[in-house]
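Chains, contacts and geometry: an overview
Residues per chain, in single letters:
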Amino acid sequence: MSTFMPQNIDAHPLEFTGSGGEYFRVWIVNVLLSIITLGIYTPWARRRTAQYFYSHTLVAGSPLEFTAQQRKMVMGFVLLMLITLAYNIAANTGQDTAVGLFLLAGAVLAPFIWGSAMRFRLGATRWRGLRLQFTASWKEVYLASWPVFALALVWFGVFYGLQVLSPELTDALQEAEEETRRKLPTFTPAMAALLVLGLVLTVLCFIRLEYNYKSLLVLKAQVGNEKGRWKPVYMDFVKIWLATVLVFIVCVVSLSLLISVLAGGSVALVAGLGKRLGFWMFVIIIAAIVGGIFLMFLASAPARAYREARMFQLMWNNIGVSHVARFKCHLASGSYVWLRIRNMFLTLITLGLYRPFARVSEYRMKCESVTLHVKGGVEQVTGAMVRQQQGGLGDALADAAGLDLIG
């Protein structure tokens, strides 16, 4: 329960003071050094990027700080690269047992990796001398990760059900190496229904996992002695996903109609070319393939931006810090979708050079759509939080010594 007894409520819109031109200089150095060092510079690049965005994000007039130790980021990156290299060697040399063990270990360790990342991310964030913390126990992290294991059971059941429904599938797999006796399995409506069920359950598991992780992150985030407050329910996430699917379908239908119109014009053009028909038909086919791939990517971009904006609204309109502070968000989904589409075209036209400007503009729109409401005034509240934080002598000593206390 909060120890504060405030009377007034102050509103503080978040601000972002960075610019595309400033970030471009950070970004281009990161890209060039990453290329020169064959990716080894990546952890340094990530730290510079985080420090730039944090230092230019003002919360109640004070910037955020990213205080992560470079040594820890480098060690984490090297460990990840070694694991990836070992997995690729095992996969390319046909060591199926080793590959299976890697995949199993990855599934078991995934919650631990996520929890460690959240501890690191929040522990490296400071504001007005206040340190953020992620206080969830490993038991709570693994309990929140149950959709990961449910997903494995779903697809185990799907594959087992396919074998039961089609004995010919097993025969076909056993005889695949015998060219003279190979045969294809019969694909029945029951098998199709089972696959559809598996896909639906997969999507629901992913939504549940996202909900569990976001709610745990907020509820177990702590500033001083004040914990996070969380209001959304699982169905809020499901509704956003359903709306995203609808947006995607509308985009696909709209682009399909556009392609049909353009294709009709192309056919009329080819018909008027006479003897040069063969060459231009080849050009049109190649253009159609490339254009089709690009248009499918384009069709998914508005849906992805829409989901990102809706999820951002849901989160920041329904979270707070105990009874001390809450947030409000006025991000417009349509404006954000249009900004993403414009940025995508400009990035393509400039061969990627517009990317830092795009990132800054999207971050600015989201950041400046959020307002922090604090009960009792920022100075009073943060002063009390700092005094609470100073009581954690063990954490303070460990932080000064560069140690991690894992609970």
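Placed above this text is the structure.
Residues numbered from 1 in each chain as written. Predicted model: local features only at pLDDT ≥ 70, side-chain atom pairs only at ≥ 80, totals over all residues. Heavy atoms only, no water.

Observations regarding the packing of aromatic side chains
- Considering all chains together, one arrives at 20 aromatic pairs under this definition.
- With 6.1 Å between their ring centres and 45° between their planes, F312 and W316 make a pair best called tilted. On the criterion of helical spacing, the pair formed by F312 and W316 is a turn pair, its members being four residues apart in helix α10 (residues 277-316).
- Each residue in the set F16, Y23, Y52, F53 and Y363 is aromatic and connected to the rest through ring pairs, giving one cluster.
- The cationic tip of R119 hangs over the ring face of W138; the distance from NZ or CZ to the ring centre is 4.7 Å.
- Here the guanidinium or amino end of R208 rests over the ring plane of Y234, the centre of that ring lying 4.9 Å away. (Phe/Tyr/Trp six-rings, centres within 6.5 Å; stacked < 30°, edge-to-face > 60°. Helix = DSSP H or I, 4+ residues; strand = E, 2+ residues; numbered from the N terminus. Lys NZ or Arg CZ within 6 Å of the ring centre and 35° of its normal.)

Considering the pairing of strand β4 (residues 62-66)
- Pairing of strand β3 (residues 57-59) with β4, which is carried by two bridges, proceeds in the antiparallel orientation. Of the residues in β4, the one forming a bridge with L58 is P63.
- The antiparallel pairing of β3 with β4 creates a hairpin that spans two residues between the two strands, and A60 there sits at a positive phi of about 55°.
- Alignment of β4 against strand β5 (residues 125-127), held across three bridges, turns out to be antiparallel. (Pairing = 2+ DSSP bridges.)

Examining a nonpolar patch on the surface
- Taken together, the side chains of L101, L104, V108, L109, F112 and I113 define a hydrophobic patch exposed on the protein surface, amounting to about 560 Å² of accessible area.
- Note that I113 resides in helix α4 (residues 96-123). (Patch = residues over 30% accessible without salt bridge, like charges linked within 9 Å, V, L, I, M, F, W, Y side chains within 5 Å. Areas by Shrake-Rupley, 256 points an atom, 1.4 Å probe, with all protein chains shown as cover. Salt bridge = Lys/Arg side-chain N within 4 Å of Asp/Glu carboxyl O.)

Details of the pattern of salt bridges
- Throughout the structure, instances matching the rule amount to six salt bridges.
- K220 is the salt-bridge partner of E140, the closest N and O atoms lying 3.2 Å from each other. Taken together, the residues span a long stretch of sequence, with E140 in helix α5 (residues 138-144) and K220 in the loop between α8 (189-219) and β7 (221-223) at a distance of 80 residues.
- The partly exposed category is assigned to E140, whose relative accessible area is 28%. (Buried < 20%, exposed > 50% of the residue type's maximum accessible area, 1.4 Å probe, protein only.)

Here we look at the pairing of strand β6 (residues 130-134)
- Taking burial as the measure, the five residues of β6 include four buried ones, the bulk of the element.
- Sheet topology note: the β5/β6 ladder contains two bridges and is antiparallel. Its bridge partner being in β6, R126 is matched across the sheet by R131.
- Between β5 and the antiparallel strand that follows it, β6, lie two residues; R128 among them carries a positive phi value of about 55°.
- The sheet contact formed by β6 and β7 spans three bridges and is antiparallel. Residue F134 lies in a different strand from β7, and its bridge partner there is A221.

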